[in-house]
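Architecture at a glance
Single-letter residue listing:
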Amino acid sequence: MRSVGIFEVKTKLSELLRLGEPIEVTSHRKRVAVIYPDHAPLDQEQVKQDIKALNEADKQDNTTGMGDYL
């Protein structure tokens, strides 16, 4: 999975989406989101692991909640 900072996602979103692969979005090297392509079949177990990892990272980071990115 490609890991990309928020600023790069902001400036190159269309280019990144055309790659057709999942994208891990990071802020200060911490995972804050995962973007999945619409056309690709999802590995349900991987999605569950990604959600769990995002929730754990949010619990450990007291400065920013996941809602701050939505």
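Residues numbered from 1 in each chain as written. Predicted model: local features only at pLDDT ≥ 70, side-chain atom pairs only at ≥ 80, totals over all residues. Heavy atoms only, no water.

1. Thoughts on the sheet that holds strand S3 (residues 30–35)
Pairing is mixed in the open sheet, where three strands are placed in the order S1-S2-S3. What marks the edges here is a single partner per strand, and that holds for strand S1 (2–5) and S3. Neighbour-to-neighbour, the strand axes of the sheet open up by a mean angle of 35°, direction not taken into account. Sheet topology places strand S2 (residues 23–27) next to S3; five bridges connect them, and they run antiparallel. When the sheet's bridge partners are listed, Ser27 is paired in S3 with Lys30. Against the sheet, helix H1 (residues 6–18) touches S1, S2 and S3, its axis set at about 130° to S1. (Pairing = 2+ DSSP bridges. Helix = DSSP H or I, 4+ residues; strand = E, 2+ residues; numbered from the N terminus. Axes fitted to C-alpha atoms, helices over the stretch in contact; angles between N-to-C directions. Contact = heavy atoms within 4.5 Å.)

2. Points about the nonpolar core
Membership of the largest hydrophobic core is limited to six residues, which are Val4, Val9, Leu16, Ile23, Val25 and Val32. Contributing elements (two or more residues each) for this core: H1 and S2. Those residues within four positions of Val4 in sequence are excluded, and the remaining contacts are Val9, Leu16, Ile23, Glu24, Val25 and Thr26. (Core = buried A, V, L, I, M, F, W, Y, C linked by side-chain atoms within 4.5 Å. Buried < 20%, exposed > 50% of the residue type's maximum accessible area, 1.4 Å probe, protein only.)

3. Here we look at the pattern of salt bridges
Inspection of the entire model under this criterion finds four salt bridges. For Arg31, the salt bridge is made with Glu24, and the minimal N-O distance between the two is 2.7 Å. Residue classification places Glu24 among the buried residues on the basis of a relative accessible area of 17%. Sharing partners across several salt bridges, the network here consists of Glu24, Arg31 and Asp50. (Salt bridge = Lys/Arg side-chain N within 4 Å of Asp/Glu carboxyl O.)

The quantities given are spatial measurements derived from coordinates; they are silent on function.
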